[in-house]
Amino acid sequence: MRDFVYLAPETLEEAAALKLEHDDKAIFMAGATDVMIRMRDYLIAPDYVIDLKNIPDIGGITFSETDGLHIGALATMTQIATNPHVLAHYPTLAEAASFVGGRQIRNRATCAGNIVNASPLADTATPLYCYDAVVEIFGLPGRREVPIRDFIRFVRKVDLRPGELVTGIRVPYLADAKGIFRKVARRNEVDLSTVCGTVLRTGAGWRISMGSVAPTPLRLNKTEALLAGKPLTDALIEEAATLAATEVSPIDDVRADRQYRLDIVSYLVRDGLTKLR
């Protein structure tokens, strides 16, 4: 790891100004579970590391039926996995957070960092996609919000303009939602997803999202449309499972080959629909 200058701003304005000043030579850090590993392995070599942990009001988790769930940028995976509001109203998100790394990692890693990292296999992404979560962003020109499906653009590419940082994630409340999150990996714990996915049933229909099967997490729009307004028969479940595999574009890598991932997508959809009907 090369030397760097450590910066610890105490306001959002100061953090944004530092990033604008140093541009690509600087990187934001919250939990540091990804940043430090990438620096250690010389995948990135910033001259400046801007630590966000001293900034007030961008941590914590709040909930109301009107505003939904708000996850601050500094909220850790452990906080999400154990928060009573998340457990009661967003159990798929709590489950996903509980599968991120080991306990030590979850005590530091943040959900916002998991999303800003823009990995196709981010465990918390698929439930957030199903809930149509919104990413809250701060920059010196002002604040803005971006739907998570538009925020993650490609592998490690997100919709952040110069100097901007994520301050939180807002997750709408769906009173009638019931869902299942599943992660398939080589080991049950402390491993990256081979495939992960969320199947969510709401009063308005079905929402399905898969990770590690394309350059970004995906909502399976065609499969959702197929299921809309129809009785969930065995034949329809099988048709949906088959269609789901056509909506993804996995690759071969060290964890699995393409065909295995296609089979797992079909399995996760079939299993989720069967358990939720």
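Residues numbered from 1 in each chain as written. Predicted model: local features only at pLDDT ≥ 70, side-chain atom pairs only at ≥ 80, totals over all residues. Heavy atoms only, no water.

Asks: I tried to follow the overall build of the protein on my own but got confused; where do I start?
Replies: The helix and strand inventory of the protein stands at twelve helices and 14 strands. Taking 2.2 N^0.38 as the reference for a compact globule, 277 residues should give roughly 19 Å; the C-alpha atoms of the protein span a radius of gyration of 19 Å, in line with that estimate. If you line up the protein on its principal axes, its C-alpha atoms span 60 × 45 × 30 Å. In the protein, which comprises 277 residues, the proportion classed as buried is 53%. In the protein, the share of contacts with a sequence separation of at least 24, taken over all contacts with a separation of at least 6, comes to 61%. If you sum the accessible surface of the protein, you get close to 12900 Å²; carbon and sulfur atoms cover 52% of it. Here the protein contributes 33 positive and 35 negative side-chain charges, whose respective centroids are spaced 4 Å apart. (Helix = DSSP H or I, 4+ residues; strand = E, 2+ residues; numbered from the N terminus. Rg over C-alpha atoms; globule rule 2.2 N^0.38 Å. Buried < 20%, exposed > 50% of the residue type's maximum accessible area, 1.4 Å probe, protein only. Contact = heavy atoms within 4.5 Å. Areas by Shrake-Rupley, 256 points an atom, 1.4 Å probe, with all protein chains shown as cover. Lys, Arg positive; Asp, Glu negative; His and termini not counted. Charge placed at Lys NZ, Arg CZ, Asp CG, Glu CD.)

Asks: I tried to follow the nonpolar core on my own but got confused; where do I start?
Replies: Soluble globular proteins tend to pack their nonpolar side chains together in the buried interior. Formed by 54 residues in total, the largest nonpolar core has its most connected members in L52, L69, I71, I115, L128, F151 and V171. The residues that make up this core include at least three from each of domain 1 (5–51) and domain 2 (61–171). Apart from the residues lying within four places of it in its own chain, the contact partners of L69 are I61, T62, F63, V86, Y90, L93, I169, R170 and V171. (Core = buried A, V, L, I, M, F, W, Y, C linked by side-chain atoms within 4.5 Å. Domains from an automatic or database assignment.)

Asks: Would you take a moment to explain unusual backbone geometry for this structure?
Replies: With glycine set apart, most residues show a phi of negative sign, and most peptide bonds adopt trans. If you check the backbone angles, A118 has positive phi at about 55° while not being a glycine. Structurally, A118 is set in the loop between helix 7 (111–116) and helix 8 (125–130). Classification of A118 as buried rests on a relative accessible area of 1%. Even without a glycine there, the phi angle at R156 is positive, about 55°. Looking at the element boundaries, R156 is found in the loop between strand 8 (152–154) and strand 9 (157–158). You can call R156 partly exposed: its relative accessible area is 40%.

Asks: Just checking my understanding: could you explain the environment of T110 for this structure?
Replies: Topologically, T110 is positioned in the loop between helix 6 (103–106) and helix 7. Sequence separation between T110 and M77 is 33 residues; the distance between their C-alpha atoms is 5.6 Å. Excluding its chain neighbours within four sequence positions, the residues that come into contact with T110 are A30, G31, A73, L74, A75, T76 and M77. Within the local environment of T110, its side chain forms a polar contact with the backbone nitrogen of G113, the two atoms lying 2.9 Å apart. (Polar contact = N/O pair within 3.5 Å; in protein donor to acceptor, adjacent residues only side chain to side chain.)

Asks: What is the right way to look at the pattern of salt bridges in this model?
Replies: When charged atoms on two side chains of opposite charge get close, those side chains can pair. By the definition in use, this model includes 19 salt bridges. Measuring nitrogen to oxygen at the nearest pair gives 3.6 Å for the salt bridge that ties D34 to R156. Of the two residues, D34 is situated in the loop between strand 2 (26–29) and helix 2 (35–40) and R156 in the loop between strand 8 and strand 9; the sequence distance between them amounts to 122 residues. Between R270 and E238 there is a salt bridge, and its shortest N-O distance comes to 3.0 Å. Separated by 32 residues along the polypeptide, R270 in helix 12 (residues 258–276) and E238 in helix 11 (residues 234–244) bring together distant segments of the chain. On the basis of relative accessibility, which here comes to 36%, the residue E238 falls in the partly exposed class. Salt bridges linked by common partners bring D132, R149, R207, R219 and E224 together as one network. (Salt bridge = Lys/Arg side-chain N within 4 Å of Asp/Glu carboxyl O.)

Asks: Explanation requested: the pairing of strand 5 (residues 68–72) in the structure shown.
Replies: Regular strands place side chains that alternate from one sheet face to the opposite one. Most of strand 5 is tucked away: four of the five residues are buried. As judged from the four bridges shared by strand 4 (residues 61–64) and strand 5, these two strands associate in the antiparallel manner. The residue bridging I61 from the neighbouring strand is I71, located in strand 5. The loop that links strand 4 with its antiparallel partner strand 5 comprises three residues. The sheet contact formed by strand 5 and strand 10 (residues 165–171) spans four bridges and is antiparallel. Bridging from a neighbouring strand, H70 pairs with R170 of strand 10. (Pairing = 2+ DSSP bridges.)

Asks: How should the pairing of strand 13 (residues 205–211) be read in this particular structure?
Replies: Taking burial as the measure, the seven residues of strand 13 include seven buried ones, the bulk of the element. The pairing of strand 12 (residues 195–202) with strand 13 spans seven bridges and is antiparallel. When the bridges of strand 13 are listed, C196 appears paired with G211. Where strand 12 hands over to strand 13, the hairpin turn is made up of two residues, counted between the paired strands. The turn linking strand 13 back onto strand 14 (residues 218–219) is made up of six residues, and S212 within it adopts a positive phi angle of 70°.

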